[in-house]
Every structure is written in C-alpha cells, then in structure tokens.
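What follows is each chain in one-letter form.
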Amino acid sequence: MKGLGQVFKAVTSAMIGVGKREDLIKDFERTEKQGPWPYIIVGFVMTIVFIVAVITVVRLVLPS
C-alpha cells in the first residue's frame, strides 16, 4: 500500500504542478524498477475523476 500511496502522491503533485526534487528522484527510481504502468493507470483514473467532478459541478451550477 505504501507504493500505491507514493504513486498517488506523485500523480497528484504532477496534476497540480507542485513537488519536491527529492520526490521526483524517488519517482524516477521507482519507475526504473517497476515500470511506468502504475503512474499511467493512476493518472488515467484521476483524470477521469477530475472530468466527472467538473461536469457534475457545472451541471449543479447551471440551470437545467
């Protein structure tokens, strides 16, 4: 679970544009060992969740 938490943290930081250099180095080291697929999958899921959240907020705010 620690690995998934690190991937989630890395993707979240990338989505909002903040992060520490030390974390970036750790992410690259983890990617070399495990491959990029955990980051790709978590990034895809978080992007879908973000799009659904934006659509939901817009539908709630705008009159039907």
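Everything below is about the structure shown above.
Described in the following lines is the structure provided in the data block. (Residues numbered from 1 in each chain as written. Predicted model: local features only at pLDDT ≥ 70, side-chain atom pairs only at ≥ 80, totals over all residues. Heavy atoms only, no water.)

## Re the overall build of the chain
Assigned secondary structure in the chain consists of three helices and zero strands. Counted from the first residue to the last, the chain has its helices and strands arranged as α-α-α. For 64 residues, the compact-globule estimate of 2.2 N^0.38 gives 11 Å, and the C-alpha radius of gyration of the chain, at 15 Å, exceeds that figure by more than 25%. If one aligns the C-alpha atoms of the chain with their principal axes, the spans along those axes are about 50 × 20 × 15 Å. A burial count over the chain gives 19% of its 64 residues as buried. Accessible area for the chain stands at about 5500 Å²; split by element, carbon and sulfur atoms hold 71% of it. (Helix = DSSP H or I, 4+ residues; strand = E, 2+ residues; numbered from the N terminus. Rg over C-alpha atoms; globule rule 2.2 N^0.38 Å. Buried < 20%, exposed > 50% of the residue type's maximum accessible area, 1.4 Å probe, protein only. Areas by Shrake-Rupley, 256 points an atom, 1.4 Å probe, with all protein chains shown as cover.)

## A few points about the packing of helix α1 (residues 2–16) against helix α2 (residues 21–34)
Closest axis-to-axis distance for the α1/α2 pair is 11 Å, and the angle between their directions is 125 degrees. Classified by the angle between their axes, α1 and α2 sit oblique to one another. Our pair here, α1 against α2, has a crossing hand that is left-handed. For the pair α1 and α2, the contacting residues are G3, Q6, V7, K9 and A10 in the first and D23, D27 and R30 in the second. Among the residues forming the contact of α1 with α2, the class breakdown is two nonpolar, two polar and four charged. (Axes fitted to C-alpha atoms, helices over the stretch in contact; angles between N-to-C directions. Parallel < 35°, antiparallel > 145°, perpendicular 65-115°, else oblique. Left-handed = near helix turned anticlockwise from the far one by under 90°. Contact = heavy atoms within 4.5 Å. Nonpolar A, V, L, I, M, F, W, Y, C, P; charged D, E, K, R; others polar.)

## What about the nonpolar core?
Counting residues in each nonpolar core, the largest one holds six residues, listed as V7, A10, V11, Y39, V42 and M46. Listing elements by their share of this core, those giving two or more residues are α1 and α3 (37–61). With sequence-adjacent residues up to four places away left out, V7 is seen in contact with R30, P38, Y39 and V42. (Core = buried A, V, L, I, M, F, W, Y, C linked by side-chain atoms within 4.5 Å.)

## Some points on the pattern of salt bridges
According to the stated counting rule, one finds one salt bridge in the structure shown. Its salt-bridge partner being D23, residue K9 comes within 3.6 Å of it at the nearest N-O pair. On the criterion of sequence distance, the pair formed by K9 in helix α1 and D23 in helix α2 is long-range, its members being 14 residues apart. The exposure class of K9 is partly exposed, given its relative accessible area of 43%. (Salt bridge = Lys/Arg side-chain N within 4 Å of Asp/Glu carboxyl O.)

Nothing here speaks to function; it is geometry throughout.
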